[in-house]
Amino acid sequence: MNDIPTAPPIACTLDTGSFKERIAWIADLNARSLMSSRRSDLALTLEYQPAARSDVRKLVHNEQACCVFLNFDLDERADRLILTIVAPDTAARDAADVLFEQLGAKSGH
(Lines give C-alpha, C1' and ligand atoms only; values in the text may rest on other atoms or scores of the structure.)
Protein backbone atom coordinates (compact mmCIF):
# COMPACT_ATOMS: atom_id res chain seq x y z
CA MET A 1 0.00 0.00 0.00
CA ASN A 2 1.41 3.37 -1.07
CA ASP A 3 0.45 6.27 1.21
CA ILE A 4 2.73 8.82 -0.44
CA PRO A 5 0.60 11.77 -1.53
CA THR A 6 0.79 12.60 -5.21
CA ALA A 7 1.24 16.15 -6.39
CA PRO A 8 -1.51 17.65 -8.52
CA PRO A 9 -0.85 17.61 -12.26
CA ILE A 10 1.04 20.65 -13.51
CA ALA A 11 -1.37 21.36 -16.34
CA CYS A 12 -4.80 22.76 -17.01
CA THR A 13 -7.32 19.92 -17.02
CA LEU A 14 -9.81 21.55 -19.41
CA ASP A 15 -10.33 20.07 -22.88
CA THR A 16 -9.40 22.25 -25.86
CA GLY A 17 -12.90 23.63 -26.49
CA SER A 18 -13.53 24.45 -22.85
CA PHE A 19 -10.08 26.02 -22.55
CA LYS A 20 -10.76 28.32 -25.52
CA GLU A 21 -14.14 29.34 -24.06
CA ARG A 22 -12.57 30.01 -20.65
CA ILE A 23 -9.76 32.09 -22.14
CA ALA A 24 -12.27 34.14 -24.18
CA TRP A 25 -14.34 34.74 -21.01
CA ILE A 26 -11.24 35.82 -19.06
CA ALA A 27 -10.09 38.10 -21.91
CA ASP A 28 -13.53 39.75 -21.93
CA LEU A 29 -13.45 40.18 -18.14
CA ASN A 30 -9.98 41.68 -18.40
CA ALA A 31 -11.02 44.05 -21.20
CA ARG A 32 -13.89 45.30 -19.04
CA SER A 33 -12.34 45.37 -15.57
CA LEU A 34 -8.59 44.72 -15.40
CA MET A 35 -6.79 47.77 -14.05
CA SER A 36 -3.25 46.37 -14.04
CA SER A 37 -1.24 43.19 -14.20
CA ARG A 38 2.33 42.42 -13.23
CA ARG A 39 4.41 39.29 -13.36
CA SER A 40 7.17 38.44 -10.93
CA ASP A 41 8.80 35.10 -11.71
CA LEU A 42 6.25 32.47 -10.59
CA ALA A 43 3.59 34.97 -9.49
CA LEU A 44 1.03 36.97 -11.43
CA THR A 45 -0.85 39.84 -9.77
CA LEU A 46 -4.03 41.13 -11.39
CA GLU A 47 -5.89 44.19 -10.13
CA TYR A 48 -9.57 44.51 -11.03
CA GLN A 49 -12.22 47.16 -10.56
CA PRO A 50 -14.43 46.45 -7.53
CA ALA A 51 -17.53 46.24 -9.77
CA ALA A 52 -16.14 42.95 -11.15
CA ARG A 53 -16.26 41.24 -7.74
CA SER A 54 -18.66 38.42 -8.73
CA ASP A 55 -16.82 37.71 -11.99
CA VAL A 56 -13.41 37.69 -10.29
CA ARG A 57 -14.72 35.31 -7.64
CA LYS A 58 -16.06 33.10 -10.46
CA LEU A 59 -12.65 33.26 -12.16
CA VAL A 60 -10.92 32.09 -8.98
CA HIS A 61 -13.45 29.31 -8.41
CA ASN A 62 -13.21 28.04 -11.99
CA GLU A 63 -9.43 28.23 -12.20
CA GLN A 64 -8.94 26.47 -8.85
CA ALA A 65 -10.95 23.57 -10.25
CA CYS A 66 -8.94 23.09 -13.45
CA CYS A 67 -5.48 24.34 -12.44
CA VAL A 68 -5.12 22.80 -9.01
CA PHE A 69 -1.34 23.25 -9.02
CA LEU A 70 -1.72 27.05 -8.79
CA ASN A 71 -2.36 28.97 -5.58
CA PHE A 72 -4.93 31.78 -5.72
CA ASP A 73 -5.21 34.64 -3.22
CA LEU A 74 -7.95 37.22 -3.63
CA ASP A 75 -7.63 40.42 -1.58
CA GLU A 76 -10.97 42.23 -1.80
CA ARG A 77 -10.55 45.93 -1.03
CA ALA A 78 -13.04 48.78 -1.36
CA ASP A 79 -11.21 50.35 -4.30
CA ARG A 80 -9.85 47.24 -6.08
CA LEU A 81 -9.64 43.47 -6.13
CA ILE A 82 -6.11 42.11 -6.05
CA LEU A 83 -5.77 38.56 -7.34
CA THR A 84 -2.38 36.93 -6.89
CA ILE A 85 -1.75 33.61 -8.62
CA VAL A 86 1.39 31.67 -7.72
CA ALA A 87 2.90 28.58 -9.32
CA PRO A 88 4.37 26.26 -6.68
CA ASP A 89 7.89 25.81 -7.98
CA THR A 90 10.11 25.91 -11.01
CA ALA A 91 8.73 22.55 -12.23
CA ALA A 92 5.52 24.46 -13.00
CA ARG A 93 7.27 27.29 -14.88
CA ASP A 94 6.30 26.21 -18.43
CA ALA A 95 2.65 25.69 -17.51
CA ALA A 96 2.63 28.93 -15.51
CA ASP A 97 4.13 30.87 -18.41
CA VAL A 98 1.33 29.77 -20.75
CA LEU A 99 -1.47 30.25 -18.23
CA PHE A 100 -0.19 33.57 -16.88
CA GLU A 101 0.02 34.92 -20.43
CA GLN A 102 -3.64 33.96 -20.99
CA LEU A 103 -4.85 35.13 -17.56
CA GLY A 104 -3.28 38.54 -17.97
CA ALA A 105 -4.45 39.10 -21.57
CA LYS A 106 -7.13 41.50 -22.63
CA SER A 107 -9.58 40.89 -25.47
CA GLY A 108 -8.57 42.21 -28.83
CA HIS A 109 -12.01 43.71 -29.50
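Every chain begins its residue count from 1, and numbering advances along the sequence as written. Only residues with pLDDT of 70 or above have their local features reported here, since the model is predicted, and side-chain atom pairs are shown and tallied only from 80 upward, although totals for entire chains, interfaces and linings are computed over all residues. Only hydrogens and water are set aside when side-chain values are computed; all heavy atoms of the structure are taken into account.

(A) How the structure looks around the overall build of the protein. A run of H or I in DSSP counts as a helix once it spans at least four residues, and a run of E counts as a strand once it spans at least two, with each numbered from the N terminus. Along the backbone of the protein there are three helices and four strands. Put simply, the protein runs from its N terminus to its C terminus through helices and strands in the order α-β-β-α-β-β-α. A simple rule labels every residue: compare its accessible area, found with a 1.4 Å probe on the protein chains alone, to the largest value its type can have, and call it buried under 20%, exposed over 50%, or partly exposed in between. Looking at the protein as a whole, 35% of its 109 residues are labelled buried. Contacts between residues were defined by any pair of non-hydrogen atoms, one from each residue, lying within 4.5 Å. Long-range contacts, defined as pairs at least 24 residues apart, comprise 63% of the intrachain contacts of the protein with a sequence gap of at least 6. Summing over all exposed atoms, the protein offers an accessible surface of approximately 6,400 Å²; the carbon and sulfur share of this is 50%. We get accessible surface area from the Shrake-Rupley algorithm with a probe of 1.4 Å; when it comes to residues, only the shown protein chains can shield them.

(B) Structural view of the environment of R93. Structurally, R93 is set in helix α3 (residues 93–103). Put simply, R93 and D41 are 52 residues apart on the chain and 8.6 Å apart in space, counted from C-alpha to C-alpha. Leaving out residues up to four positions away in the same chain, R93 has contacts with D41 and L42.

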